[in-house]
Every structure is written in structure tokens, then in C-alpha cells.
Amino acid sequence: MKDDYGRSISLQCPTCGGESFEHDEEKPDIKCVRCERVMTKDELREANGARIEEEVDALKAEVFKDVKADISKMFKKWK
Ligand SMILES: [Zn+2]
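These figures come from a predicted structure and were not determined experimentally.

(A) Just the overall build of the protein chain, in detail. Of regular secondary structure, the protein chain possesses 2 helices and 3 strands. Taken from the N to the C terminus, the helices and strands of the protein chain come in the order β-β-β-α-α. Taken across its 79 residues, the protein chain has 11% of its residues classed as buried. Here the contacts in the protein chain between residues at least 6 apart in sequence split such that 39% fall between residues at least 24 apart.

Laid out in C-alpha cells, this is it:
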């Protein structure tokens, strides 16, 4: 079983779909580089909520597929 399931879930700007944001450490707000929309991290996370769930579901399916493949390999070895 491979163990590098690490995939970055990129957040998208709900206005323009841009994936680059500027973040000032002193402020809670982040700014989309492309359309300059300013929002809080929570707003951005909320806007991306459905997308993140989709990614997690896809990841689960991928892990399950690999586990199944590993198990069938194990059975083959026993024959
Ligand atoms: Zn934007």
C-alpha cells in the first residue's frame, strides 16, 4: 500500500476561482490576488466546503481501492 496520499486541497476564490491569495499575518482577512476580493479565512473555507468534502470522498475511494488491491495480492501469494 502506498503511503503518499498527501494531496493538497487548494482553496478557490468563490468569485473568480483563483487559487492565489495574499495573507497579512496581522489581519484575519485574506485577499484574492486575481480579483482582489477580501474575505476571512472562515468565509473562504465555507465557500470551499463542498469541494473539500468531494476531495475527501475521492481520497477515501482511492484508499479503499488500494486496500482491495493489496488484499487480492495477498490472496494470490497464498495460492
Ligand atoms: Zn478572486
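(B) View of the pattern of salt bridges. Evaluation of the coordinates by the stated rule reveals 5 salt bridges. Between E22 and K31 there is a salt bridge, with its nearest N and O atoms 3.8 Å apart. Take E22: its relative accessible area is 43%, and that puts it in the partly exposed class. The salt bridge involving K60 is made with D57; its shortest N-O contact spans 3.9 Å. You can see K60 and its partner D57 sitting in helix 2 (residues 49–78), 3 residues apart, about one turn around the helix. By relative accessible area, which is 54% here, K60 ends up exposed.

(C) Examining the coordination of the zinc ion more closely. Protein coordination of the zinc ion is provided by C13 (SG), C16 (SG), C32 (SG) and C35 (SG), with donor distances spanning 2.3 Å. Angles of 101 to 113° at the metal separate the 4 donor atoms of the zinc ion, which places the site in the tetrahedral class. Mapped onto the sequence, the donors of the zinc ion take the spacing C-x2-C-x15-C-x2-C. On the criterion of sequence distance, the pair formed by C16 in the segment before strand 1 (21–23) and C32 in strand 2 (residues 29–32) is long-range, its members being 16 residues apart.

(D) Representation of the pairing of strand 2 in the model. On strand 2, burial follows the alternation: I30 and C32 on one face are buried, whereas D29 and K31 on the facing-out side are not. The turn joining strand 1 and strand 2, which pair antiparallel and follow one another in sequence, is formed by 5 residues. Examined bridge by bridge, strand 2 and strand 3 (residues 38–40) share 3 bridges and lie antiparallel to one another. Within the sheet, the bridge partner assigned to I30 lies in strand 3 and is M39.

Conventions we followed
- Residues numbered from 1 in each chain as written.
- Predicted model: local features only at pLDDT ≥ 70, side-chain atom pairs only at ≥ 80, totals over all residues.
- Heavy atoms only, no water.
- Helix = DSSP H or I, 4+ residues; strand = E, 2+ residues; numbered from the N terminus.
- Buried < 20%, exposed > 50% of the residue type's maximum accessible area, 1.4 Å probe, protein only.
- Contact = heavy atoms within 4.5 Å.
- Salt bridge = Lys/Arg side-chain N within 4 Å of Asp/Glu carboxyl O.
- Donors = N, O, S within 2.8 Å, 3.2 Å for Na, K, Ca; no water.
- Tetrahedral: all angles 85-135°; square planar, octahedral: opposite > 155°, others 65-115°.
- Pairing = 2+ DSSP bridges.

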